[in-house]
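If you want the building blocks of each chain, they are given just below.
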Amino acid sequence: MILNDYLKDAKTNGYAIGHFNFSTADVLRGIVEACKESGAPAVMVGTSEGEARFVGMKEAVALIKVFREDLDFPVFLNADHFKSFEKCKEAVDVGYDSIIIDASKLPNEENIVLTKKVVDYARLHQNSEGRSPNISVEGELGYLRGSSEVQKKIEISLSDYSKPEEVSDFVLKTGVDRMAIVFGNIHGIVTEQEEKLDIEHFKKIITAVPNVFYVLHGASGLSDDDVRAAIKAGITNVHFNTELRVAYTEGIHKALHDKPDETTPYKYLGPAIDEIKKLVSRKIKLFMRT
Ligand SMILES: [Zn+2]
């Protein structure tokens, strides 16, 4: 089964496929093992442009291939919020299974032109040597504020939301498989305000444009109830990044605090991976039970 098949099954049966970011092999292993052990049907793992630079794009593709075979589990590699055609092309060329072309900061017409260019390139070049057999492409519309960090407060206004008629036009003109939309979600974790989804707004979008997979970005910091309600309303893919970064970093801090003289990386990284696994397992249970 290809990624879009898994998303289709999720849509039909009312659950969501998880998307988690990584920039090191130990975190990737923790994510994949936790997903397999928790009974997830598949997992998407992503590298942002920064994460991709750190781990290496070819290296990421090779790691996914090994984990897929070694753990006998469907893992799909996503280029997460790649901003330019050149970076998306590079991801397709080295064998990524999925791309998010994030041109949401551009005016809609320019966003459509750039996204369509990426869709066309992926369609034309998938299944040729060294590339993934089927590449799933995601576009983004609306103003998704924030970054993958812990922040105090972020102002969000109704004008940031994706509009149903604009989503309709965007999907029709670009031919994307998946849509990242904005309905109250923000990237990262905010500490001094409650992050709240506008499920009714999402329902308007999915009613107007039902024939695409919807992706919830910035799920770190949302309540379980909100995530569950979003999946129930039709979200089939949920992104977590910041909570994982926090768990990993706190795990390392704690291990080094407990044993300040420890110099063996796997001894202080191991407990941090255990934290990642616990968190991912908890999220998978949330995605599967709505
Ligand atoms: Zn995102």
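What you are looking at is a predicted structure, and each value in this text was computed from that prediction instead of being measured.

Parameters at a glance
- Residues numbered from 1 in each chain as written.
- Predicted model: local features only at pLDDT ≥ 70, side-chain atom pairs only at ≥ 80, totals over all residues.
- Heavy atoms only, no water.
- Helix = DSSP H or I, 4+ residues; strand = E, 2+ residues; numbered from the N terminus.
- Rg over C-alpha atoms; globule rule 2.2 N^0.38 Å.
- Contact = heavy atoms within 4.5 Å.
- Pairing = 2+ DSSP bridges.
- Axes fitted to C-alpha atoms, helices over the stretch in contact; angles between N-to-C directions.
- Salt bridge = Lys/Arg side-chain N within 4 Å of Asp/Glu carboxyl O.
- Donors = N, O, S within 2.8 Å, 3.2 Å for Na, K, Ca; no water.
- Buried < 20%, exposed > 50% of the residue type's maximum accessible area, 1.4 Å probe, protein only.
- Parallel < 35°, antiparallel > 145°, perpendicular 65-115°, else oblique.
- Left-handed = near helix turned anticlockwise from the far one by under 90°.
- Nonpolar A, V, L, I, M, F, W, Y, C, P; charged D, E, K, R; others polar.
- Core = buried A, V, L, I, M, F, W, Y, C linked by side-chain atoms within 4.5 Å.
- Phe/Tyr/Trp six-rings, centres within 6.5 Å; stacked < 30°, edge-to-face > 60°.
- Right-handed = clockwise from strand over helix to strand, strands pointing away.

Q: Describe the overall build of the protein chain, and please don't skip the residues or the numbers.
A: Across its full length, the protein chain holds eleven helices and ten strands. At 18 Å, the protein chain has a C-alpha radius of gyration in line with the 19 Å of a compact globule built from 290 residues. Based on the C-alpha atoms only, the size of the protein chain along its principal axes is roughly 60 × 50 × 35 Å. A separation threshold of at least 6 residues defines the contact pool for the protein chain, and within that pool the share at least 24 residues apart is 73%.

Q: Quick one: what's the story with the sheet that holds strand β5 (residues 136–140), residue by residue and with numbers?
A: Working definition: the strands of a sheet are paired by backbone hydrogen bonds and lie parallel or antiparallel to each other. A barrel is described by the order of its strands in space; here eight strands give the closed sequence β1-β2-β3-β4-β5-β7-β9-β10, paired in parallel fashion. Strand-to-strand twist in this sheet, taken as the mean axis angle between neighbours without regard to direction, amounts to 25 degrees. In terms of strand pairing, β5 meets strand β7 (residues 178–180) through three bridges, oriented parallel. Each bridged residue has a counterpart across the sheet, and for E138 the counterpart in β7 is R178.

Q: Tell me about the pattern of salt bridges, and please be specific about residues and values.
A: A complete count under the given rule lists 20 salt bridges for this structure. Residue E69 pairs with K65 through a salt bridge whose shortest N-O separation is 3.4 Å. Placement of the pair is E69 and K65 together in helix α4 (residues 57–71), with a separation of four residues, close to one helical turn. As a salt-bridge pair, R131 and D93 come within 3.0 Å of each other at their nearest N and O atoms. With a gap of 38 residues between them, R131 in the loop between α6 (108–125) and β5 and D93 in helix α5 (residues 85–94) connect regions that are remote in the sequence. Salt bridges sharing partners connect three or more residues here, namely R29, E33, E37 and K277.

Q: Explain the coordination of the zinc ion to me, using residue names and the numbers behind them.
A: On the protein side, the zinc ion has H81 (NE2), H187 (NE2) and H217 (ND1) as donor atoms, found 2.1 to 2.2 Å from it. The sequence pattern formed by the donor residues of the zinc ion is H-x105-H-x29-H. Of this pair, H81 sits in strand β3 (residues 75–82) while H187 sits in strand β8 (residues 187–190), placing them 106 residues apart in sequence. Accessibility classification places H81 together with H187 in one group, the buried group.

Q: So what's going on with the packing of helix α2 (residues 25–37) against helix α11 (residues 265–288)? Which residues, and what values?
A: Here α2 crosses α11 at 40 degrees, and the two axes come no closer than 8 Å. The angle between α2 and α11 falls in the class oblique. Between α2 and α11 the crossing geometry is right-handed. Taken together, the residues of α11 that come into contact with α2 (itself represented by D26, V27, G30, I31, E33, A34, C35 and E37) are L269, I273, I276, K277, V280, S281 and I284. For the contact of α2 with α11, a count of residues per class yields nine nonpolar, two polar and four charged.

Q: Account for the nonpolar core, naming residues and giving values.
A: Membership of the largest hydrophobic core comes to 80 residues, with the highest contact counts inside it found for I31, Y96 and Y214. Among the elements that take part in this core, α11 stands out by supplying eight residues, more than any other. In contact with Y214, other than residues within four places in its own chain, are V167, M179, I181, F202, I205, I206, V209, G234, I235, T236 and N237.

Q: Kindly report on the packing of aromatic side chains, identifying the contributing residues and their values.
A: Within the structure shown, the criterion is met by seven aromatic pairs. Centroid distance F82 to Y96: 6.3 Å. Interplanar angle 50 degrees. Geometry classified as tilted. With a gap of 14 residues between them, F82 in strand β3 and Y96 in the loop between α5 and β4 (98–101) connect regions that are remote in the sequence. Residue F82 shares its accessibility class with Y96, and that shared class is buried. Consider the rings of F85 and Y121, whose centres lie 5.7 Å apart with planes at 90 degrees: the pair is edge-to-face.

Q: Give a detailed account of the pairing of β5, specifying residues and quantitative values.
A: Side-chain direction in a regular strand flips from residue to residue, so the side chains alternate between the two faces of the sheet. Taking burial as the measure, the five residues of β5 include five buried ones, the bulk of the element. Burial along β5 is two-sided: the residues S136, E138 and E140 and V137 and G139 are all buried. With four bridges joining them, β4 and β5 adopt parallel strand pairing. Bridge pairing in β5 links S98 to S136. Of the crossover connections in this fold, the one passing from β4 over α6 to the parallel β5 is right-handed.

Just distances and angles here, no functional claims.
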